[in-house]
Amino acid sequence: MQTILCGNFEKATTMKQNLYQELIQTSLQDELLSDAVCQQILTSADVELLPLLDAAYQVRKTYFRNEVQLHILNNAQNGHCPEDCHYCAQARSATAEIETYSLKPDAEILAEARAAYESGAYRYCIVMSGRGPTPKRVQHLAQLIHAVKTEYPIEVCLSVGLLNAEAARTLKAAGLDRLNHNLNTSEAHYPKICSTHTYQDRMETLRAAQTAGLACCSGVIVGMGEENADLIQAAKTLRRLQVESIPVNFFLPISGTQIAAPSALTPDYCLRVLCLYRFLNPRAEIRIAAGREHHLRSLEAMALYPANSLFLEGYLNATGTAASRTLQMIRDAGFTVKMNGEVAERITSPRTPAPSDVVIKELEVLRPRMASAD
Ligand code: SF4
(Lines give C-alpha, C1' and ligand atoms only; values in the text may rest on other atoms or scores of the structure.)
Protein backbone atom coordinates (compact mmCIF):
# COMPACT_ATOMS: atom_id res chain seq x y z
CA MET A 1 0.00 0.00 0.00
CA GLN A 2 2.74 2.38 1.04
CA THR A 3 4.73 1.61 -2.10
CA ILE A 4 1.73 2.43 -4.28
CA LEU A 5 1.20 5.75 -2.51
CA CYS A 6 4.88 6.61 -2.91
CA GLY A 7 4.72 5.60 -6.54
CA ASN A 8 1.71 7.85 -7.16
CA PHE A 9 3.39 10.69 -5.35
CA GLU A 10 6.54 10.35 -7.46
CA LYS A 11 4.47 10.17 -10.63
CA ALA A 12 2.52 13.29 -9.68
CA THR A 13 5.75 15.11 -8.77
CA THR A 14 7.37 14.14 -12.08
CA MET A 15 4.31 15.28 -14.02
CA LYS A 16 4.44 18.64 -12.27
CA GLN A 17 8.16 19.01 -12.93
CA ASN A 18 7.48 18.21 -16.58
CA LEU A 19 4.91 21.02 -16.71
CA TYR A 20 7.42 23.65 -15.56
CA GLN A 21 10.07 22.30 -17.96
CA GLU A 22 7.55 22.41 -20.79
CA LEU A 23 6.68 26.01 -19.99
CA ILE A 24 10.36 26.95 -20.18
CA GLN A 25 10.99 25.03 -23.40
CA THR A 26 7.82 26.27 -25.12
CA SER A 27 8.64 29.86 -24.26
CA LEU A 28 12.32 29.66 -25.25
CA GLN A 29 11.38 28.01 -28.54
CA ASP A 30 8.99 30.91 -29.24
CA GLU A 31 6.01 28.60 -29.31
CA LEU A 32 2.59 29.71 -28.18
CA LEU A 33 0.96 28.36 -25.02
CA SER A 34 -2.64 27.23 -25.43
CA ASP A 35 -5.38 29.24 -23.72
CA ALA A 36 -6.05 26.23 -21.47
CA VAL A 37 -2.45 26.21 -20.19
CA CYS A 38 -2.57 30.00 -19.70
CA GLN A 39 -5.71 29.59 -17.60
CA GLN A 40 -3.95 26.92 -15.56
CA ILE A 41 -1.02 29.25 -14.88
CA LEU A 42 -3.39 31.91 -13.58
CA THR A 43 -5.74 29.79 -11.50
CA SER A 44 -4.76 26.15 -10.94
CA ALA A 45 -3.70 25.12 -7.44
CA ASP A 46 -1.69 22.35 -9.15
CA VAL A 47 0.60 24.99 -10.63
CA GLU A 48 2.63 26.00 -7.61
CA LEU A 49 3.92 29.52 -7.33
CA LEU A 50 7.58 28.96 -6.50
CA PRO A 51 8.40 26.53 -9.34
CA LEU A 52 6.33 28.72 -11.67
CA LEU A 53 8.40 31.77 -10.73
CA ASP A 54 11.56 29.74 -11.22
CA ALA A 55 10.41 28.66 -14.69
CA ALA A 56 9.64 32.26 -15.64
CA TYR A 57 13.04 33.27 -14.24
CA GLN A 58 14.80 30.75 -16.53
CA VAL A 59 13.24 32.54 -19.52
CA ARG A 60 13.87 36.05 -18.14
CA LYS A 61 17.54 35.15 -17.40
CA THR A 62 18.08 33.90 -20.94
CA TYR A 63 17.29 37.31 -22.44
CA PHE A 64 17.94 39.81 -19.64
CA ARG A 65 20.35 38.08 -17.25
CA ASN A 66 19.86 39.45 -13.72
CA GLU A 67 19.46 43.05 -14.83
CA VAL A 68 16.63 45.40 -13.90
CA GLN A 69 15.85 48.47 -15.98
CA LEU A 70 14.58 51.51 -14.10
CA HIS A 71 12.11 53.93 -15.63
CA ILE A 72 11.16 57.33 -14.29
CA LEU A 73 7.88 58.91 -15.33
CA ASN A 74 7.45 62.60 -15.93
CA ASN A 75 3.79 63.56 -15.79
CA ALA A 76 4.36 66.47 -18.17
CA GLN A 77 0.70 67.48 -18.53
CA ASN A 78 -1.87 66.42 -15.98
CA GLY A 79 -5.65 66.27 -16.24
CA HIS A 80 -8.21 68.12 -18.41
CA CYS A 81 -8.42 65.15 -20.77
CA PRO A 82 -11.46 64.96 -23.09
CA GLU A 83 -11.34 61.14 -23.10
CA ASP A 84 -13.21 58.97 -20.62
CA CYS A 85 -10.87 56.04 -19.85
CA HIS A 86 -12.60 54.69 -16.75
CA TYR A 87 -9.38 53.71 -14.99
CA CYS A 88 -7.79 57.12 -15.32
CA ALA A 89 -7.82 59.91 -12.72
CA GLN A 90 -7.33 62.49 -15.51
CA ALA A 91 -10.38 61.50 -17.56
CA ARG A 92 -13.19 63.98 -18.15
CA SER A 93 -15.50 61.56 -16.35
CA ALA A 94 -13.28 61.29 -13.27
CA THR A 95 -13.84 63.29 -10.12
CA ALA A 96 -10.45 62.46 -8.63
CA GLU A 97 -8.82 65.28 -6.72
CA ILE A 98 -5.58 65.54 -8.65
CA GLU A 99 -3.35 68.54 -9.34
CA THR A 100 -4.01 69.58 -12.93
CA TYR A 101 -1.71 71.62 -15.16
CA SER A 102 -1.00 72.17 -18.86
CA LEU A 103 2.28 71.17 -20.49
CA LYS A 104 5.28 71.96 -18.29
CA PRO A 105 7.81 74.45 -19.71
CA ASP A 106 10.72 72.90 -21.61
CA ALA A 107 13.22 73.96 -18.93
CA GLU A 108 11.28 72.03 -16.29
CA ILE A 109 11.10 68.88 -18.43
CA LEU A 110 14.83 69.12 -19.21
CA ALA A 111 15.70 69.58 -15.52
CA GLU A 112 13.62 66.51 -14.70
CA ALA A 113 15.37 64.55 -17.45
CA ARG A 114 18.66 65.38 -15.78
CA ALA A 115 17.34 64.29 -12.37
CA ALA A 116 16.08 61.03 -13.89
CA TYR A 117 19.47 60.37 -15.47
CA GLU A 118 21.28 61.10 -12.21
CA SER A 119 19.05 58.81 -10.20
CA GLY A 120 20.00 55.91 -12.45
CA ALA A 121 17.00 55.69 -14.75
CA TYR A 122 17.64 53.75 -17.94
CA ARG A 123 14.64 55.36 -19.56
CA TYR A 124 12.86 58.69 -19.11
CA CYS A 125 9.15 58.51 -19.90
CA ILE A 126 7.39 61.74 -20.81
CA VAL A 127 3.65 61.31 -20.39
CA MET A 128 0.93 63.77 -21.41
CA SER A 129 -2.81 63.66 -20.90
CA GLY A 130 -5.05 64.12 -23.92
CA ARG A 131 -6.51 62.33 -26.91
CA GLY A 132 -3.45 63.03 -29.03
CA PRO A 133 -1.12 65.89 -30.01
CA THR A 134 -1.83 68.56 -32.66
CA PRO A 135 0.73 68.94 -35.48
CA LYS A 136 2.05 72.05 -33.67
CA ARG A 137 2.46 70.08 -30.44
CA VAL A 138 4.27 67.32 -32.35
CA GLN A 139 6.84 69.86 -33.64
CA HIS A 140 7.30 71.20 -30.11
CA LEU A 141 7.78 67.69 -28.71
CA ALA A 142 10.27 66.87 -31.46
CA GLN A 143 12.43 69.85 -30.39
CA LEU A 144 12.15 68.86 -26.75
CA ILE A 145 13.11 65.24 -27.40
CA HIS A 146 16.07 66.35 -29.50
CA ALA A 147 17.23 68.57 -26.60
CA VAL A 148 16.94 65.75 -24.04
CA LYS A 149 18.78 63.28 -26.29
CA THR A 150 21.54 65.80 -26.98
CA GLU A 151 22.06 66.58 -23.27
CA TYR A 152 21.79 63.17 -21.59
CA PRO A 153 22.65 59.60 -22.54
CA ILE A 154 19.22 58.31 -21.60
CA GLU A 155 16.54 56.46 -23.54
CA VAL A 156 13.38 58.51 -24.09
CA CYS A 157 9.86 57.15 -24.25
CA LEU A 158 6.82 59.28 -25.03
CA SER A 159 3.17 58.71 -24.18
CA VAL A 160 0.89 61.22 -25.92
CA GLY A 161 -2.31 59.41 -26.82
CA LEU A 162 -3.35 58.60 -30.38
CA LEU A 163 -0.76 59.31 -33.06
CA ASN A 164 -0.77 59.14 -36.87
CA ALA A 165 2.02 57.95 -39.14
CA GLU A 166 3.32 61.43 -39.98
CA ALA A 167 3.59 62.45 -36.31
CA ALA A 168 5.34 59.16 -35.52
CA ARG A 169 7.90 59.80 -38.29
CA THR A 170 8.59 63.33 -37.02
CA LEU A 171 9.19 62.10 -33.48
CA LYS A 172 11.40 59.26 -34.67
CA ALA A 173 13.49 61.71 -36.69
CA ALA A 174 13.90 63.87 -33.56
CA GLY A 175 15.51 60.94 -31.72
CA LEU A 176 12.59 59.40 -29.87
CA ASP A 177 13.41 55.82 -28.90
CA ARG A 178 10.02 54.46 -27.90
CA LEU A 179 6.35 55.26 -28.01
CA ASN A 180 4.13 54.12 -25.17
CA HIS A 181 0.52 53.36 -25.95
CA ASN A 182 -1.12 50.74 -23.76
CA LEU A 183 -3.74 48.33 -25.06
CA ASN A 184 -4.83 48.02 -21.42
CA THR A 185 -7.08 44.99 -21.90
CA SER A 186 -8.58 42.71 -24.55
CA GLU A 187 -10.59 43.95 -27.53
CA ALA A 188 -13.72 42.37 -26.02
CA HIS A 189 -13.34 44.16 -22.69
CA TYR A 190 -12.32 47.53 -24.16
CA PRO A 191 -15.83 49.03 -24.54
CA LYS A 192 -16.33 48.47 -20.81
CA ILE A 193 -13.39 50.72 -19.92
CA CYS A 194 -13.64 53.53 -22.50
CA SER A 195 -16.26 55.00 -24.85
CA THR A 196 -14.41 57.90 -26.51
CA HIS A 197 -11.99 55.84 -28.58
CA THR A 198 -11.73 52.22 -29.63
CA TYR A 199 -9.34 49.35 -29.35
CA GLN A 200 -8.75 49.69 -33.10
CA ASP A 201 -7.71 53.34 -32.60
CA ARG A 202 -5.09 52.11 -30.19
CA MET A 203 -3.92 49.35 -32.54
CA GLU A 204 -3.55 51.88 -35.35
CA THR A 205 -1.35 54.11 -33.19
CA LEU A 206 0.93 51.17 -32.45
CA ARG A 207 1.10 50.27 -36.14
CA ALA A 208 1.92 53.88 -37.06
CA ALA A 209 4.76 53.88 -34.52
CA GLN A 210 6.14 50.59 -35.78
CA THR A 211 5.97 51.71 -39.41
CA ALA A 212 7.98 54.80 -38.44
CA GLY A 213 10.62 52.56 -36.87
CA LEU A 214 9.82 53.41 -33.25
CA ALA A 215 10.04 50.72 -30.61
CA CYS A 216 6.72 50.17 -28.91
CA CYS A 217 5.81 49.98 -25.27
CA SER A 218 2.30 48.71 -24.71
CA GLY A 219 0.85 47.01 -21.70
CA VAL A 220 -2.17 46.19 -19.62
CA ILE A 221 -3.98 47.13 -16.45
CA VAL A 222 -4.91 44.10 -14.35
CA GLY A 223 -7.92 44.34 -12.07
CA MET A 224 -10.49 46.36 -14.04
CA GLY A 225 -13.16 43.67 -13.74
CA GLU A 226 -11.84 41.68 -16.70
CA GLU A 227 -11.81 37.87 -17.03
CA ASN A 228 -8.64 35.81 -17.13
CA ALA A 229 -9.39 35.26 -20.82
CA ASP A 230 -9.08 39.02 -21.43
CA LEU A 231 -5.60 39.12 -19.92
CA ILE A 232 -4.59 36.08 -21.97
CA GLN A 233 -5.92 37.64 -25.19
CA ALA A 234 -4.15 40.94 -24.48
CA ALA A 235 -0.85 39.10 -23.88
CA LYS A 236 -1.25 37.20 -27.14
CA THR A 237 -2.08 40.38 -29.08
CA LEU A 238 1.05 42.08 -27.71
CA ARG A 239 3.00 39.00 -28.76
CA ARG A 240 1.62 39.24 -32.31
CA LEU A 241 2.57 42.93 -32.40
CA GLN A 242 6.05 42.02 -31.13
CA VAL A 243 6.15 45.01 -28.81
CA GLU A 244 9.51 45.54 -27.17
CA SER A 245 8.15 46.53 -23.78
CA ILE A 246 5.08 45.49 -21.75
CA PRO A 247 4.17 47.41 -18.60
CA VAL A 248 1.92 45.29 -16.41
CA ASN A 249 -0.09 47.66 -14.20
CA PHE A 250 -2.21 46.53 -11.29
CA PHE A 251 -5.24 48.78 -11.04
CA LEU A 252 -4.91 51.47 -8.38
CA PRO A 253 -8.39 52.53 -7.28
CA ILE A 254 -7.79 56.28 -7.02
CA SER A 255 -10.94 57.78 -5.52
CA GLY A 256 -13.05 59.37 -8.28
CA THR A 257 -12.06 57.05 -11.14
CA GLN A 258 -14.87 55.23 -12.94
CA ILE A 259 -14.07 51.51 -12.81
CA ALA A 260 -17.29 50.21 -11.27
CA ALA A 261 -16.13 46.86 -9.95
CA PRO A 262 -12.37 46.53 -9.58
CA SER A 263 -11.17 42.95 -9.14
CA ALA A 264 -9.73 41.81 -5.82
CA LEU A 265 -6.07 41.15 -6.58
CA THR A 266 -3.77 39.00 -4.47
CA PRO A 267 0.05 38.96 -4.60
CA ASP A 268 -0.15 35.33 -5.76
CA TYR A 269 -2.38 36.22 -8.72
CA CYS A 270 -0.30 39.28 -9.67
CA LEU A 271 2.84 37.14 -9.77
CA ARG A 272 1.07 34.54 -11.93
CA VAL A 273 0.07 37.27 -14.39
CA LEU A 274 3.69 38.44 -14.62
CA CYS A 275 4.84 34.84 -15.21
CA LEU A 276 2.20 34.39 -17.93
CA TYR A 277 3.30 37.58 -19.69
CA ARG A 278 6.93 36.42 -19.53
CA PHE A 279 6.16 32.99 -21.04
CA LEU A 280 4.06 34.51 -23.83
CA ASN A 281 6.49 37.37 -24.53
CA PRO A 282 9.89 35.91 -23.69
CA ARG A 283 11.98 38.63 -25.38
CA ALA A 284 9.90 41.62 -24.25
CA GLU A 285 10.87 43.90 -21.41
CA ILE A 286 8.21 43.02 -18.82
CA ARG A 287 7.71 45.91 -16.40
CA ILE A 288 6.17 45.77 -12.95
CA ALA A 289 4.26 49.02 -13.31
CA ALA A 290 1.67 50.90 -11.23
CA GLY A 291 0.26 49.12 -8.21
CA ARG A 292 3.47 47.22 -7.47
CA GLU A 293 3.54 48.24 -3.82
CA HIS A 294 -0.21 47.97 -3.18
CA HIS A 295 -0.92 44.62 -4.77
CA LEU A 296 2.32 42.65 -4.49
CA ARG A 297 2.87 43.83 -0.94
CA SER A 298 5.39 41.63 0.94
CA LEU A 299 6.05 39.57 -2.22
CA GLU A 300 7.22 42.56 -4.27
CA ALA A 301 10.79 41.30 -4.73
CA MET A 302 9.48 38.00 -6.15
CA ALA A 303 8.17 39.92 -9.17
CA LEU A 304 11.77 40.44 -10.30
CA TYR A 305 11.93 36.76 -11.29
CA PRO A 306 9.51 37.10 -14.22
CA ALA A 307 9.89 40.88 -14.79
CA ASN A 308 13.06 42.77 -15.69
CA SER A 309 11.96 46.36 -15.32
CA LEU A 310 10.10 48.69 -12.97
CA PHE A 311 9.14 52.28 -12.35
CA LEU A 312 11.13 54.19 -9.78
CA GLU A 313 9.59 56.94 -7.62
CA GLY A 314 5.91 56.42 -8.26
CA TYR A 315 3.42 56.72 -11.09
CA LEU A 316 1.37 59.41 -12.83
CA ASN A 317 -0.76 60.54 -9.93
CA ALA A 318 0.07 58.05 -7.20
CA THR A 319 3.26 57.95 -5.18
CA GLY A 320 5.40 54.81 -4.86
CA THR A 321 8.12 53.71 -2.46
CA ALA A 322 11.27 55.81 -2.20
CA ALA A 323 13.91 55.13 -4.85
CA SER A 324 16.46 54.14 -2.18
CA ARG A 325 14.13 51.42 -0.89
CA THR A 326 13.43 50.04 -4.35
CA LEU A 327 17.15 49.95 -5.15
CA GLN A 328 17.78 48.16 -1.88
CA MET A 329 15.11 45.59 -2.74
CA ILE A 330 16.72 44.94 -6.14
CA ARG A 331 20.15 44.46 -4.58
CA ASP A 332 18.85 42.32 -1.72
CA ALA A 333 17.12 39.98 -4.17
CA GLY A 334 20.42 39.50 -6.04
CA PHE A 335 19.62 41.55 -9.14
CA THR A 336 21.62 44.39 -10.67
CA VAL A 337 20.49 47.70 -12.10
CA LYS A 338 21.01 48.34 -15.82
CA MET A 339 22.35 51.88 -16.08
CA ASN A 340 23.28 54.65 -18.40
CA GLY A 341 26.93 55.60 -17.90
CA GLU A 342 28.74 56.76 -14.82
CA VAL A 343 25.87 57.02 -12.34
CA ALA A 344 25.89 53.23 -11.97
CA GLU A 345 28.60 52.94 -9.36
CA ARG A 346 27.28 55.70 -7.13
CA ILE A 347 23.76 54.42 -6.80
CA THR A 348 24.41 50.68 -6.76
CA SER A 349 26.98 50.53 -3.97
CA PRO A 350 25.48 48.60 -1.06
CA ARG A 351 24.55 50.44 2.08
CA THR A 352 25.00 48.82 5.48
CA PRO A 353 22.64 49.94 8.24
CA ALA A 354 24.03 52.74 10.42
CA PRO A 355 23.52 52.75 14.24
CA SER A 356 21.19 55.73 13.73
CA ASP A 357 18.84 53.46 11.68
CA VAL A 358 18.10 51.38 14.77
CA VAL A 359 15.41 52.97 16.94
CA ILE A 360 15.27 51.92 20.60
CA LYS A 361 11.77 51.19 21.90
CA GLU A 362 10.47 53.60 24.51
CA LEU A 363 8.80 52.52 27.75
CA GLU A 364 5.24 53.19 26.54
CA VAL A 365 5.84 50.79 23.65
CA LEU A 366 7.48 48.15 25.84
CA ARG A 367 4.87 48.38 28.64
CA PRO A 368 1.75 50.03 27.18
CA ARG A 369 -0.53 48.91 30.04
CA MET A 370 1.74 50.52 32.61
CA ALA A 371 1.82 53.77 30.61
CA SER A 372 -2.02 53.91 30.37
CA ALA A 373 -2.35 53.26 34.16
CA ASP A 374 -0.44 56.46 34.97
S1 SF4 B 1 -6.43 59.44 -22.96
FE2 SF4 B 1 -4.83 59.16 -21.42
S3 SF4 B 1 -4.99 60.91 -20.01
FE4 SF4 B 1 -6.89 60.82 -21.22
S5 SF4 B 1 -8.32 59.68 -19.95
FE6 SF4 B 1 -7.36 58.19 -21.35
S7 SF4 B 1 -5.57 57.42 -20.20
FE8 SF4 B 1 -6.28 59.29 -19.15
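The structure we're discussing is the one just above.
Residues numbered from 1 in each chain as written. Predicted model: local features only at pLDDT ≥ 70, side-chain atom pairs only at ≥ 80, totals over all residues.

(A) Inspection of helix H6 (residues 165-173) at higher detail. Residues Ala167, Ala168 and Leu171 constitute the buried set of H6. Viewed along the axis of H6, the buried residues span an arc of 100°, placing them on a single side of the element. Here the buried face of H6 lies against helix H5 (135-151), strand S3 (155-159), strand S4 (178-180) and helix H7 (199-211). (Buried ≥ 20, exposed ≤ 12 C-beta atoms within 10 Å, placed from the backbone. Helix = DSSP H or I, 4+ residues; strand = E, 2+ residues; numbered from the N terminus. Arc of directions from axis to C-beta. Contact = placed C-beta atoms within 7 Å.)

(B) Region of interest: the pairing of strand S2 (residues 123-128). The buried fraction of S2 amounts to 5 of the 6 residues, a majority that puts the element mostly inside the structure. Where strand S1 (residues 67-77) and S2 come together, 6 bridges link them in parallel fashion. In the strand pairing of S2, glutamine 77 is matched with methionine 128. Between the parallel elements S1 and S2, the chain passes through helix H4 (residues 106-118) in a crossover that is right-handed. Here S2 runs beside S3; their pairing, made up of 5 bridges, is parallel. Pairing of tyrosine 124 across the sheet is with valine 156, part of S3. The handedness of the S2 to S3 crossover, carried by H5, is right-handed. (Pairing = 2+ DSSP bridges. Right-handed = clockwise from strand over helix to strand, strands pointing away.)

(C) Quick look at the site of the ligand. Around the ligand, a shell composed of Cys81, Glu83, Cys85, Cys88, Gln90, Ala91, Ser129, Arg131 and Gly161 is seen. Tallied by class, residues from the shell around the ligand come to 4 nonpolar, 3 polar and 2 charged. (Near = placed C-beta within 6 Å. Nonpolar A, V, L, I, M, F, W, Y, C, P; charged D, E, K, R; others polar.)

(D) Broad picture of the environment of alanine 174. Secondary-structure assignment places alanine 174 in the loop between H6 and S4. On the basis of neighbour count, alanine 174 is assigned to the buried category, with 20 C-beta atoms found within 10 Å. For the pair formed by alanine 174 and glycine 291, sequence separation is 117 residues and the distance between their alpha carbons is 32 Å. For alanine 174, the contacting residues outside a window of four places in its chain are Ala142, Ile145 and His146.

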